[in-house]
Amino acid sequence: MSLERIEALHRRLRDAIDGGPLPEVTPWRGSAALGRDLVESMLRSRHLDRAALELRTRGHGHYTIASAGHESNVVLGRLTTHADPSLVHYRSAALQLERARQVPEIDGVRDVTLSLVAAKEEPASGGRHKVLGHPALGILPSTSTIASHLPRAVGLAFGLERRRRLLGVGAPDAIALASFGDASLNHSTLLGALNAASWVLHQHLTLPLLVVCEDNGLGISVRSPEGWVQTRLRAMPHLEYFHCDGFDLTQAWEMAAAAVSYVRTSRRAAILHLGCVRLLGHAGSDVDTSYRTPGELAQLMTRDPLLGAAACLLAGGALEPSELLELDARALARVRDEMELVITRPKLASRVEVMSAISAPVDVERVLSRAAALDSSPQPSPMTLAQGINTALGEALAAFPEALVFGEDVAKKGGVYGVTKGLLAQAGPARVFNTLLDEQTILGLALGTATLGLLPIPEIQYLAYLHNAEDQLRGEAATFSFFSAGGLANPMLVRIAGLAYQKGFGGHFHNDNSVAVLRDIPGLTVICPARGDDALALYRTALALVRESGRVVVSVEPIALYHTRDLYEDGDGQWAAPPPPGVAEPFEPRVYHSDAADLTIATYGNGLWMSLRAARRLERETGARARVLDLRFLCPLPEDAVLGHARETGALLIVDECRRSGSISEALASAVAERGAGLRLGRVTSADSFIPLGDAANLVLLSEDEIFAAARELVLLSRSVRRK
């Protein structure tokens, strides 16, 4: 059906050019050369839509989401440049083809055709997905279907201005561009991003962002209510509103030019509401005849933007009918030639190839060297966890002029727990600043600034608050390298205050004890500092991983340990240890009591504090000694090191303060089952429960007594086995 319809559209277009009736439109007022380029890119886009359908029919294609009806976005491909970072709607083939004219060595038709067959030479994702984009064109790959790229777009616009201010880098008139469909306008992610843009502009700050709503009136089969999109877009405070009908190329060009000019010169955000039509089904197997009548479909064909563009050019005398027909014939031949070429090109053929974009090896020596360079040799006075993190952030701000520390309350107040106290005075408000209370915006700001070469260190105030915005890590941060074949990265260090044991304070929302959502994201590195001396070394390494390897690193910081000083008795000061010089070995645990031979305890966070106490009690009551491993790296887990220590002692107790299901302990227990033959294994965890308020929290959280009991049982079992 879609092939038949696109053929009918093509015949109708050629007939209209070749003497048939043409619609009334605004005559073309630009140069003939410009008009010719624009319509040629539109024609190529249309024939690529047909190629996608044909390749699918022949068993070579995989994804048939079409740009047909949206080709007027071609004007944005001409009005913006590769210096304008762009996140575009998935119906933006014409935009990309036109942008490709600016870089002669790039063949836009070939690039899009390669994407249709998932060829690994495709320059955006290397065959991992059908995405538009090319790093050299400034079009960043995006697979967003719900406008999850909009928070990053706000971050890009913010980063353009902040990068120039801090580093003097970038074109002074560069803007960020982001486009989306009208149905996405109802998504909270998009509304949050537009709200953030308004919030910035309300404070008379600059934000050179052009957001483009390509309005075809449909979200798959669901219609946007008449007038809703315009009403909603006009209601956004401080965002200048522009509107045009994409059917009329002259109007689209002139209004888009006005919008782009406004953003470039004023350095303020604007909305371009671009009227479009959807001439084919949504994508793939969508049969739109089940929700659109024959009469409606026939009416849509009369609003074909290619028909409107041809009418504009002919009315303005820019081209003759014969020239347009010749352009069309050449565009068709060009695409057909590429079709036959790309089906012969190699595809991804192994698991290693697919995952290479997210599992690039870490150059440990380079990381350690970069981490060591951050060592500012602080005075050897005892540090709490909060002080260790604060010192590490101060080192980062001093070493990296591009580093930014931001989040809710982090500036003057220093965060809810004072961890960032004093950093504003050290680095100034351009680099340490508060954000609005929206985690999607915080992470989007990090994504955009990281893409531009800055070093964002955002704070999420509580782990439970991350879940409002986790798609910014899963669907945007972690996938960026995957869908750019490893060519692009958004390196950042995300700090999250989390875990439990706050003596009943705050209930679940301040005591979230699950890290499963973080460990389930391919390519993400997750760390957990537990004490001040180690936090300083661990953060140096984490920052080096970010800078040297382009990693997205998430640090889950145990709130209950931020200001802890004592370990065994009140006033002993044995938890707040002086920081030794040096760094943390990447993906390796820290070992306590390395000569202990009776038991290995593997743990992290609050579990380390409890395990060290339980180990002392174990030695006093049984004479058995346990070596305690602070995992530090929760993803990837240091499985080899844990198994190595466990083999030396013969027994392993996994102490996991998080929930029993979907936990760190499950992963380590699986590793023992697969590779740890002969090891005696124990596991203690918290319950599969949310954390209640007050003393009831202790009913579901892992306790020190439970750790001791499990350790004692393993030791007694080991002794019994040895006696036999």
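Rules used throughout
- Residues numbered from 1 in each chain as written.
- Predicted model: local features only at pLDDT ≥ 70, side-chain atom pairs only at ≥ 80, totals over all residues.
- Heavy atoms only, no water.
- Helix = DSSP H or I, 4+ residues; strand = E, 2+ residues; numbered from the N terminus.
- Rg over C-alpha atoms; globule rule 2.2 N^0.38 Å.
- Buried < 20%, exposed > 50% of the residue type's maximum accessible area, 1.4 Å probe, protein only.
- Contact = heavy atoms within 4.5 Å.
- Areas by Shrake-Rupley, 256 points an atom, 1.4 Å probe, with all protein chains shown as cover.
- Axes fitted to C-alpha atoms, helices over the stretch in contact; angles between N-to-C directions.
- Parallel < 35°, antiparallel > 145°, perpendicular 65-115°, else oblique.
- Left-handed = near helix turned anticlockwise from the far one by under 90°.
- Nonpolar A, V, L, I, M, F, W, Y, C, P; charged D, E, K, R; others polar.
- Salt bridge = Lys/Arg side-chain N within 4 Å of Asp/Glu carboxyl O.
- Pairing = 2+ DSSP bridges.
- Phe/Tyr/Trp six-rings, centres within 6.5 Å; stacked < 30°, edge-to-face > 60°.
- Expected span 1.5 Å × (residues − 1).
- Polar contact = N/O pair within 3.5 Å; in protein donor to acceptor, adjacent residues only side chain to side chain.
- Lys, Arg positive; Asp, Glu negative; His and termini not counted.
- Core = buried A, V, L, I, M, F, W, Y, C linked by side-chain atoms within 4.5 Å.

From N to C terminus, the protein chain includes 25 helices and 19 strands. In terms of overall dimensions, the protein chain is globule-like: its C-alpha atoms have a radius of gyration of 29 Å, near the 27 Å expected for 724 residues. For the protein chain, the spread of C-alpha atoms along the three principal axes comes to 100 × 55 × 45 Å. Among the 724 residues that make up the protein chain, the fraction classed as buried is 60%. Put simply, 80% of the contacts in the protein chain that link residues at least 6 apart link residues at least 24 apart. As displayed, the protein chain offers around 26800 Å² of accessible surface, 52% of which is attributable to carbon and sulfur atoms.

Once that is clear, we can look at the packing of helix 1 (residues 2-17) against helix 2 (residues 32-57). Close contact between helix 1 and helix 2 brings their axes to 10 Å; oriented N to C, the two are set at 150 degrees. Between helix 1 and helix 2, the crossing angle belongs to the class labelled roughly antiparallel. For helix 1 against helix 2, the interelement crossing comes out left-handed. Here Ser2, Leu3, Ile6, Glu7, Leu9, His10 and Leu13 of helix 1 lie close against helix 2, whose contacting residues are Leu43, Arg46, His47, Asp49, Arg50, Leu53, Glu54 and Thr57. Tallied by class, the residues present in the contact of helix 1 with helix 2 amount to 6 nonpolar, 4 polar and 5 charged.

On to the pattern of salt bridges. Tallied over the full model, the rule gives 49 salt bridges. Between glutamate 353 and lysine 120 there is a salt bridge, with its nearest N and O atoms 2.7 Å apart. Note that glutamate 353 is positioned in helix 13 (residues 351-355) and lysine 120 in the loop between helix 5 (108-116) and helix 6 (150-167), a separation of 233 residues in sequence. Residue glutamate 353 is classed as partly exposed on the basis of its relative accessible area, which comes to 23%. Look at lysine 120 and you get partly exposed, because its relative accessible area is 34%. Here glutamate 476 and arginine 152 are joined by a salt bridge, their closest N and O atoms 3.5 Å apart. Linking glutamate 476 in helix 19 (residues 471-482) with arginine 152 in helix 6, this pair joins segments that are 324 residues apart in sequence. In this structure, glutamate 476 and arginine 152 share a single accessibility class: buried.

This part takes up the pairing of strand 2 (residues 176-181). Within a regular beta strand, the side chains point alternately toward one face of the sheet and then the other, so they alternate between its two faces. When you tally the buried positions in strand 2, you get 6 out of 6 residues, the bulk of the element. Side chains Ala176, Ala178 and Phe180 of strand 2 all project onto a buried face; the interleaved residues Leu177, Ser179 and Gly181 project onto the opposite face, where all are buried too. Taken together, the 2 bridges between strand 1 (residues 86-87) and strand 2 define a ladder with parallel strand orientation. Paired with leucine 87 across the bridge in strand 2 is alanine 178. Pairing of strand 2 with strand 3 (residues 209-215), which is carried by 6 bridges, proceeds in the parallel orientation. Within strand 3, the position partnered with phenylalanine 180 by the bridge is cysteine 213.

Taken as a whole and assessed by the stated rule, the structure comprises 9 aromatic pairs. Each ring, one from phenylalanine 158 and one from phenylalanine 433, has its centre 5.6 Å from the other, and the planes form 50 degrees; the classification is tilted. Taken together, the residues span a long stretch of sequence, with phenylalanine 158 in helix 6 and phenylalanine 433 in strand 9 (residues 432-434) at a distance of 275 residues. An identical accessibility class is assigned to phenylalanine 158 and phenylalanine 433; each is buried.

With parallel pairing, 5 strands are arranged side by side in an open sheet as 1-2-3-7-6. Looking at which strands have only one partner, the edges of the open sheet turn out to be strand 1 and strand 6 (240-245). Contacts from helix 9 (residues 249-266) reach strand 3, strand 6 and strand 7 (270-275), with the element oriented near 165 degrees to strand 6.

All right, on to the pairing of strand 18 (residues 651-659) then. With 9 of 9 residues buried, strand 18 lies mostly within the body of the structure. Strand direction decides the pairing type here: strand 15 (residues 599-603) and strand 18, joined by 3 bridges, are parallel. Bridge assignment links alanine 602 to a residue of strand 18, and that residue is isoleucine 654. Bridging between strand 18 and strand 19 (residues 680-686) involves 7 bridges; their strand directions are parallel.

Now for helix 9. Within an α-helix, residues lying three or four positions from one another point in the same direction, as the helix has 3.6 residues per turn. End to end, helix 9 covers 25 Å across 18 residues, agreeing with the expected 26 Å (1.5 Å per residue, within 8%). For helix 9, the complete set of buried residues consists of Leu249, Thr250, Ala252, Trp253, Ala256, Ala259, Val260, Val263 and Arg264. Capping the start of helix 9 is the job of one residue whose side-chain oxygen sits 3.2 Å from the backbone nitrogen of threonine 250: aspartate 248. Immediately beyond the C-terminal end of helix 9, within one or two residues, lies arginine 267, with a positive phi of roughly 60 degrees.

Within the element layout of this structure, glutamate 657 appears in strand 18. No salt bridge is formed by the buried glutamate 657; the nearest opposite charge belongs to arginine 659, separated by 11 Å. Contact partners of glutamate 657, with chain neighbours within four places excluded, come to Leu499, Ala500, Tyr501, Asn513, Tyr604, Gly605, Asn606, Gly607, Ser686 and Leu702.

Reading across the sheet, the 5 strands line up as 14-16-15-18-19 and stay open at both edges, with mixed pairing between neighbours. Two strands bound the open sheet, and with one partner strand each, they are strand 14 (590-592) and strand 19. Ignoring which end each strand starts from, the neighbouring axes of this sheet average 20 degrees apart. Pairing between strand 14 and strand 16 (residues 626-630): 3 bridges, direction antiparallel. Its bridge partner being in strand 16, arginine 590 is matched across the sheet by aspartate 630. Running at roughly 175 degrees to strand 16, helix 22 (residues 606-622) makes contact with strand 14, strand 15, strand 16 and strand 18 of the sheet.

Examined against the element boundaries, glutamate 71 turns out to sit in the loop between helix 2 and helix 3 (74-79). If we skip the residues at most four places from it in the chain, glutamate 71 touches Met42, Ser45, Arg46, Asp49, Ala94 and Pro305.

Structurally, the position occupied by proline 21 is in the loop between helix 1 and helix 2. Between the C-alpha atoms of proline 21 and arginine 128, which are 107 residues apart in sequence, the distance is 44 Å.

Within the largest apolar cluster, 84 residues are counted, with the highest numbers of intra-cluster contacts made by Leu150, Leu473, Leu518 and Leu631. Element by element, the count of residues in this core is highest for helix 6, at 7 residues. Beyond its immediate chain neighbours, meaning those up to four positions away, leucine 631 contacts Glu588, Pro589, Ala602, Thr603, Tyr604, Leu637, Pro638, Val642, Ile664 and Leu668. Core analysis: the next-biggest nonpolar cluster, separate from the first, contains 75 residues, Leu397, Ile559, Leu599 and Leu612 among them.

Moving on: unusual backbone geometry. Following cysteine 635, the chain continues to proline 636 via a peptide bond in cis, the omega torsion being -5 degrees. If you check the backbone angles, isoleucine 220 has positive phi at about 55 degrees while not being a glycine. Tracing the backbone through its elements, the reader meets isoleucine 220 in the loop between strand 4 (218-219) and strand 5 (222-223). The backbone of phenylalanine 587 sits at a positive phi, close to 65 degrees, despite the residue not being glycine.

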